[in-house]
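# Examination of the molecular architecture
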Amino acid sequence: MLLLMYFVILLNYGISLLIGCIDDGKLLSSWSKEKVRLARKGLLLFCIVVCVGLLWYYKYWNFSIHIFNKFAALLGVSYKLSFVDKIVLPLGISFYTFHVLSYTLDVYFKKMKVETNLLNFMTYVLMFPQLVAGPIVRYIDIQRQFCNRAVSAVGFANGIRKFSFGLAKKILIANTVAKAADKIFAVPVEELSLTIAWLGAVCYTLQIYFDFSGYSDMAIGLAKMFGFHYKENFNYPYISKTVGEFWRRWHISLSTWLRDYVYINLGGNRLGKVHFYCNILIVFLLSGLWHGANMTFVLWGIWYGVFIILESICLKNFLENRKIMAHLYTVGVVMFGWVLFRADNVAYAFDYWKAMCGSNGADIVSALEFLKNDVIFAIIAGVIFSLDWRDAYKKHIIENLGKDYHRSFFLYKLTSYIIAFGLLFISSISIISSTYNPFIYFRF
């Protein structure tokens, strides 16, 4: 599928170059402003249609046919479309499509000058740290780094440290709790007791956070080794006190992409409340679809959209001075949402929710068979490292540094490097000794 990737890259490079030439007066200088505006818009729409069309075909074609056939059956129409066999999903297509479109849109909206160096642009898209697993990096954020990139021993060491912590998140926490989550979600739903169902939800909640954020940290660390600086992609989302705050902290690169290129261009909250609510639902519907071609992902996106609308209406004011209740509410919404995200179909997700509400009783003993020592350790570590300890860490430094600032700071940095290399060693041993390494990102 490399030719497809190269085609998408060259298409966006070429279209952006044409738009840039039009803006500089090198093309269509004799045309009226209205014709120039239409030409720019036509080039942009052509690029978007081709890129989104390719993404839709490879990722959503059979899903669309399934929805069409279901809808036709409901209307009593006997005609059915045939599925396409053996559509191979190109690795990373969702990520590199969003990468190149962000660049073309930024050029179109004149947020940045067009990049004439094809090598720089191809390097931006094809850089291996973020090509398959993200985060979604915008060219406008790293354009200057191609010309003013500094590779240093300190930066390389910091990159290794960041990568090591990310790898440990993925291997030592995410993969460990994934073993329990996979076993529980494989249990027939009628056999799920309340305790087993909640244990599965907790394990998957930790798995998906430490898996996604671990990959992002590894990408950021790898890029840092080569002198590139990517923005953070996760900011302790599980400490959030509203669903809106959760989405400002979770998968930040995707959230901001949808906000800047979809939500704002739809009108945002500027055109009245009804329009605002519709925009929210559209954005979260797209967010759900971006994650996968299944009704569970569609409903998962709508699930969050509904709660954000409710928060804008009344919930946010109600929860404002009730911090514990607000946190429990947010974690509860997120955990029920992850069940929908993890389930193979909607019916299973709803039945799993019923089990979480106690429809099959609460058998505490049966849950113990899933709690091996490594899983217990990973759950405890996951809960601890889901919390933001930075303020406490800074306070501890301020209170204990005293006058010998440089020596104490050196010791703190040295300790972090020692821990990072220890985690790198343990993670490497774990990878070598285990054949279980689930790759959640394969669908993107």
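## Looking at a nonpolar patch on the surface
A cluster of nonpolar residues, Phe-68, Phe-71, Leu-74, Leu-75, Val-77, Tyr-79 and Leu-81, forms a patch on the protein surface that exposes about 750 Å² of accessible area. By the element assignment, Phe-71 lies in helix α2 (residues 33-74). Accessibility expressed as a relative area gives 51% for Phe-71, which makes it exposed.

## What about the packing of helix α13 (residues 323-342) against helix α14 (residues 346-356)?
Relative orientation of the contacting elements α13 and α14 amounts to 145 degrees, with a least axis distance of 9 Å. Where α13 crosses over α14, the handedness of that crossing is right-handed. Within the contact between the two elements, α13 uses Phe-336, Val-339 and Leu-340 and α14 uses Ala-349, Tyr-352, Trp-353 and Met-356. For the contact of α13 with α14, the class distribution of residues is 7 nonpolar, no polar and no charged.

## Some points on the packing of helix α11 (residues 273-291) against helix α12 (residues 295-319)
At a minimum axis separation of 7 Å, α11 and α12 run at an interaxial angle of 150 degrees. It follows that α11 is roughly antiparallel to α12 by the angle criterion. Helix-helix and strand crossings are classified by hand; for α11 and α12 the assignment is right-handed. Between α11 and α12, the contacting residues are Phe-276, Tyr-277, Ile-280, Leu-281, Phe-284, Leu-285, Ser-287, Gly-288, Leu-289 and His-291 on the first element and Phe-297, Val-298, Trp-300, Gly-301, Ile-302, Tyr-304, Gly-305, Val-306, Ile-308, Ile-309, Ser-312 and Ile-313 on the second.

## Some thoughts on the nonpolar core
In terms of nonpolar packing, the biggest core is built from 112 residues, with Leu-192, Trp-247, Trp-250, Tyr-304, Trp-338 and Tyr-352 touching the most fellow members. Every residue in contact with Trp-247, bar those within four places of it in the chain, is listed here: Ser-255, Phe-284, Ser-287, Trp-300, Tyr-304 and Ile-308. With 9 residues, the next largest nonpolar core counts Ile-160, Leu-167, Tyr-215 and Leu-222 among its residues.

## Describing unusual backbone geometry
A positive phi angle is found at Leu-28, which is not glycine, with a value near 60 degrees. Mapped onto the fold, Leu-28 is located in the loop between α1 (2-23) and α2. The exposure class of Leu-28 is partly exposed, given its relative accessible area of 26%. Positive phi, close to 40 degrees, is recorded for His-251, a residue that is not glycine. Relative to the helices and strands, His-251 is located in the loop between α9 (243-249) and α10 (252-263).

## Structural notes on α12
The terminal C-alpha atoms of α12 lie 31 Å apart, and with 25 residues this falls more than 12% below the ideal 36 Å at 1.5 Å per residue. Taken as a whole, α12 carries its principal kink of about 70 degrees at Ser-312.

## Points about the environment of Trp-247
With respect to the helices, strands and loops of the structure, Trp-247 is situated in helix α9. Judged by its relative accessible area of 7%, Trp-247 is buried. For the pair Trp-247 and Ile-196, spaced 51 residues apart in sequence, the C-alpha separation works out to 28 Å.

## With respect to the environment of Ser-434
Residue placement: Ser-434 occurs in the segment after α18 (405-433). The exposure class assigned to Ser-434 is partly exposed, which follows from its relative accessible area of 33%. Ser-434 sits 263 residues away from Ile-171 along the chain, and the two C-alpha atoms are 9.9 Å apart.

## Quick word on the pattern of salt bridges
Between side chains of opposite charge, pairing is possible as soon as their charged atoms come close. Summed over the entire model, instances satisfying the criterion amount to 14 salt bridges. Note that Asp-217 is salt-bridged to Lys-169, the shortest N-O span being 2.8 Å. With a gap of 48 residues between them, Asp-217 in helix α8 (residues 194-225) and Lys-169 in helix α7 (residues 153-185) connect regions that are remote in the sequence. Ionic pairing is found between Asp-260 and Arg-259, a salt bridge with its closest N-O pair at 2.8 Å. Note on Asp-260: relative accessible area 14%, which makes it buried. Residue Arg-259 is classed as partly exposed on the basis of its relative accessible area of 42%.

## Re helix α4 (residues 118-126)
For an α-helix the count is 3.6 residues per turn, leaving residues at separations of three or four pointing the same way. Turning to α4, its buried residues are Asn-120, Phe-121, Tyr-124 and Val-125. All buried residues of α4 lie within an arc of 130 degrees about the axis, which places them on one face of the element. Against the buried residues of α4 lie α1, α3 (93-108), α5 (128-131) and α6 (139-142). Capping the start of α4, Asn-117 holds a side-chain oxygen 2.9 Å from the backbone nitrogen of Leu-119, two or three residues further along.

## Some thoughts on the environment of Ser-253
Mapped onto the elements, Ser-253 comes out in helix α10. Residue class for Ser-253 comes out buried when judged on its relative accessible area of 10%. Along the sequence, Ser-253 and Val-137 sit 116 residues apart, while their C-alpha atoms lie 7.1 Å from each other. Setting aside residues up to four positions removed in sequence, Ser-253 forms contacts with Pro-135, Ile-136 and Asn-233.

Each value, and the rule that gives it
Residues numbered from 1 in each chain as written. Predicted model: local features only at pLDDT ≥ 70, side-chain atom pairs only at ≥ 80, totals over all residues. Heavy atoms only, no water. Patch = residues over 30% accessible without salt bridge, like charges linked within 9 Å, V, L, I, M, F, W, Y side chains within 5 Å. Areas by Shrake-Rupley, 256 points an atom, 1.4 Å probe, with all protein chains shown as cover. Salt bridge = Lys/Arg side-chain N within 4 Å of Asp/Glu carboxyl O. Helix = DSSP H or I, 4+ residues; strand = E, 2+ residues; numbered from the N terminus. Buried < 20%, exposed > 50% of the residue type's maximum accessible area, 1.4 Å probe, protein only. Axes fitted to C-alpha atoms, helices over the stretch in contact; angles between N-to-C directions. Left-handed = near helix turned anticlockwise from the far one by under 90°. Contact = heavy atoms within 4.5 Å. Nonpolar A, V, L, I, M, F, W, Y, C, P; charged D, E, K, R; others polar. Parallel < 35°, antiparallel > 145°, perpendicular 65-115°, else oblique. Core = buried A, V, L, I, M, F, W, Y, C linked by side-chain atoms within 4.5 Å. Expected span 1.5 Å × (residues − 1). Bend = angle between axes of the 7 residues up to and from the residue. Arc of directions from axis to C-beta. Polar contact = N/O pair within 3.5 Å; in protein donor to acceptor, adjacent residues only side chain to side chain.

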